[in-house]
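Each chain, letter by letter, is given below.
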Amino acid sequence: MNCLHLQERKLVMERRDVILTAVLSTLAALITLGVTLFICYWWHKRKRKRDEEDGEQGDRGGAKVRMDTGASKEGRSNGFLSLKTPLISTKTLGAQLETAGTPGSKSPAGSGGASGSVPEVKTPTAPQNKALQNVKGEHPSMAFLQNRSISLVDMYIDNTEPSENVGQIHFSLEYDFQNTTLILRILTAKELPAKDISGTSDPYVRVTLLPDKKHRLETKIKRRTLNPRWNETFYFEGFPIQKLQSRVLHLHVFDYDRFSRDDSIGEVFLPLCQVDLSEKPSFWKALKPPAKDKCGELLTSLCYHPSNSILTLTLLKARNLKAKDINGKSDPYVKVWLQFGDKRIEKRKTPIFKCTLNPIFNETFSFNVPWEKIRECSLDVMVMDFDNIGRNELIGRIQLAGKNGSGASETKHWQDMITKPRQTIVQWHRLKPE
């Protein structure tokens, strides 16, 4: 009897062990399947995003971007990026742009150590250079700055100094007048910061021809280096010199990360209307770090007319404002005080823009300020978040003044306004917290 009881008990325990093993195996299989599906989904999404960014095809105003990687084994296959519609309407920019510029696009390139082979480019002849002179006048940058209207190019002109050293990038520009082709060569970079725990980075350059952000091209990734050599060449075919004047070359250096989002190292904006292409310029540009100030930026213009003592402030737009509402947005407006010393004299406000972090204000305010007082006054500009229930919150502010501005950028903007009367001086400013 006891023997039979022991056998039954042993059988029950064996069945329990089998069931438990089956349940645990099923759970492990489900977890493995879930992780695998998630990795596949993440990889597919990342690949599709890169494909959309780098490879949209079509015919865009006859302009093509040709990528030449030289003889490097690392280079991707050569090809064309066709653009279906004009990158930007010249009507949008106004008809006062009178100087020449150049756009840039990008391509993958050669191996890190040796310089890639670069095809010979014909040098423009004297008659071809005359074509540029007719467009740009005696001095390209001055002609543009003195005669421009407020355009998209103004939004990318930033004369502020980098807040920290994140390295420099070396590149060159050239224009083939005979074939209406802009040639961009991304050469090297130096003194990049280390982004990986190994004390190095895996840098590559993303090239965009603003204001078109849809079509991006990237150089090859250079592994474990802070002084990469790309030596990659990009050809922008079918770009008349007049079209290039409304483009801004944007070079953005990233550190590649296989399993997470790539880290931004620094970037450079170059309005091509300020470049004399007949001289085949080569540039060493200091990279500017990604903005750490989460308050956002404000694009303003200043102009002073001594003849009638009118100070004009134009609030054009803001970008990347700090979110103040639970929906991840803000309801921004701008409040401006004219001050003499610490005394507030006159206040102006813009309308409120609902649920946006990138409002376009296009508001102009005029103040009567005598010439003898212009160096003593200031403009306190506050970007606010409107709240229906509680108190309106400050998003960020700047103080435009000749002596005690809120930063070097604000002081220089005011001084440029004084030294260049009757001219509109446009500049981006980073908003400061309290």
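Rules and cut-offs
Residues numbered from 1 in each chain as written. Predicted model: local features only at pLDDT ≥ 70, side-chain atom pairs only at ≥ 80, totals over all residues. Heavy atoms only, no water. Buried < 20%, exposed > 50% of the residue type's maximum accessible area, 1.4 Å probe, protein only. Helix = DSSP H or I, 4+ residues; strand = E, 2+ residues; numbered from the N terminus. Pairing = 2+ DSSP bridges. Contact = heavy atoms within 4.5 Å. Polar contact = N/O pair within 3.5 Å; in protein donor to acceptor, adjacent residues only side chain to side chain. Salt bridge = Lys/Arg side-chain N within 4 Å of Asp/Glu carboxyl O. Axes fitted to C-alpha atoms, helices over the stretch in contact; angles between N-to-C directions. Patch = residues over 30% accessible without salt bridge, like charges linked within 9 Å, V, L, I, M, F, W, Y side chains within 5 Å. Areas by Shrake-Rupley, 256 points an atom, 1.4 Å probe, with all protein chains shown as cover. Core = buried A, V, L, I, M, F, W, Y, C linked by side-chain atoms within 4.5 Å. Lys, Arg positive; Asp, Glu negative; His and termini not counted.

**Student:** Sorry, what's going on with the pairing of strand β8 (residues 248-255) here?
**Tutor:** Side-chain positions along a regular strand alternate between the two faces of the sheet. When you tally the buried positions in β8, you get 8 out of 8 residues, the bulk of the element. Here β8 shows a buried face lined by V248, H250, H252 and F254 and a second buried face lined by L249, L251, V253 and D255. Where strand β5 (residues 203-210) meets β8, 8 bridges bridge the pair, whose relative direction is antiparallel. Residue pairing in the sheet places R206 in a bridge with H252 of β8. The sheet contact formed by β8 and strand β9 (residues 263-271) spans 8 bridges and is antiparallel. Of the residues in β9, the one forming a bridge with D255 is D263.

**Student:** In this structure, what is going on with the environment of T200? I would like to understand it.
**Tutor:** As for its placement among the helices and strands, T200 is situated in the loop between β4 (181-190) and β5. Of the residues examined, T200 reaches a relative accessible area of 18% and is grouped as buried. When sequence neighbours within four positions are dropped, the list of residues in contact with T200 reads A194, K195, R224, T225 and L226. A polar side-chain atom of T200 sits 2.9 Å from a polar atom in the side chain of S198.

**Student:** Got a minute to help me understand the pattern of salt bridges in this structure?
**Tutor:** Between side chains of opposite charge, a pair can form when the charged atoms approach closely. Summed over all chains, the structure comprises 10 salt bridges. With its nearest N and O atoms 3.9 Å apart, the salt bridge here joins K280 to E174. Of the two residues, K280 sits in the loop between β9 and β10 (282-286) while E174 sits in strand β3 (residues 168-176), which places them 106 residues apart along the sequence. Residue class for K280 comes out partly exposed when judged on its relative accessible area of 32%. Residue E174 is classed as buried on the basis of its relative accessible area of 7%. Across the salt bridge formed by K412 and D416, the nearest N and O atoms sit 2.9 Å from each other. On the criterion of helical spacing, the pair formed by K412 and D416 is a turn pair, its members being 4 residues apart in helix α6 (residues 408-419). Look at D416 and you get buried, because its relative accessible area is 17%. Among the charged side chains, a salt-bridge network with shared partners connects E174, R185 and K280.

**Student:** Looking at this structure, I do not really get the sheet that holds strand β15 (residues 360-368). What am I missing?
**Tutor:** Taken together, the 4 strands give an open sheet; going across it, the order is β15-β12-β11-β18, and neighbouring strands pair in antiparallel fashion. With one partner strand each, in any of the chains shown, β15 and β18 (425-430) form the two edges of the open sheet. For this sheet, the mean angle separating the axes of adjacent strands, direction not counted, is 20°. Along the sheet, α6 contacts β11 (297-305), β12 (310-319) and β18; its crossing angle with β18, the most-contacted strand, is approximately 170°.

**Student:** For this particular structure, what's the right way to read the sheet that holds strand β17 (residues 393-401)?
**Tutor:** Paired through their backbone hydrogen bonds, the strands of a sheet run either parallel or antiparallel. The 4 strands lie next to each other as β14-β13-β16-β17, forming an open sheet whose pairing is antiparallel. The sheet is open, and its two borders are formed by β14 (343-349) and β17, each paired with just one other strand. The average undirected angle you get between the axes of adjacent strands in this sheet is 20°. As paired elements, strand β13 (residues 332-340) and β14 share 6 bridges and run antiparallel to each other. The residue of β14 that forms the bridge with L338 is E346. With respect to the sheet, α6 is in contact with β16 (377-385) and β17, its orientation differing from that of β17 by roughly 45°.

**Student:** Please clarify how unusual backbone geometry should be interpreted in this entry.
**Tutor:** Phi is mostly negative for residues that are not glycine, and the peptide bonds are mostly trans. At K280, a residue that is not glycine, the phi angle is positive and equals roughly 50°. Phi angles above zero are rare outside glycine, and N320 is one such case at about 55°. Counting through the fold element by element, N320 comes out in the loop between β12 and β13.

**Student:** I tried to follow a nonpolar patch on the surface on my own but got confused; where do I start?
**Tutor:** Judged by side-chain polarity, I19, L20, V23, L24, L27 and L30 come together as a nonpolar surface patch covering roughly 580 Å² of accessible area. Using a relative accessible area of 55% as the deciding quantity, one classes I19 as exposed.

**Student:** Is there a simple way to explain the nonpolar core in this structure?
**Tutor:** The tendency in soluble globular proteins is for nonpolar side chains to be buried as a group. Counting residues in hydrophobic clusters, the biggest one holds 31 residues, and the most contacted among them are I169, L173, L184, I186 and L249. The set of elements that each furnish at least two residues to this core consists of β3, β4, β5, β7 (229-237), α5 (241-244), β8 and β9. Y304, L315, F367 and V381 belong to the second-largest nonpolar core, a separate cluster that totals 29 residues.

**Student:** What is the right way to look at the side chain of K335 in this model?
**Tutor:** Among the structural elements, K335 can be located in strand β13. Of the side chains with opposite charge, D380 comes closest to the buried, unpaired K335, at an N-O distance of 8.3 Å. Every residue in contact with K335, bar those within four places of it in the chain, is listed here: K347, R348, K349, D380, V381 and M382.

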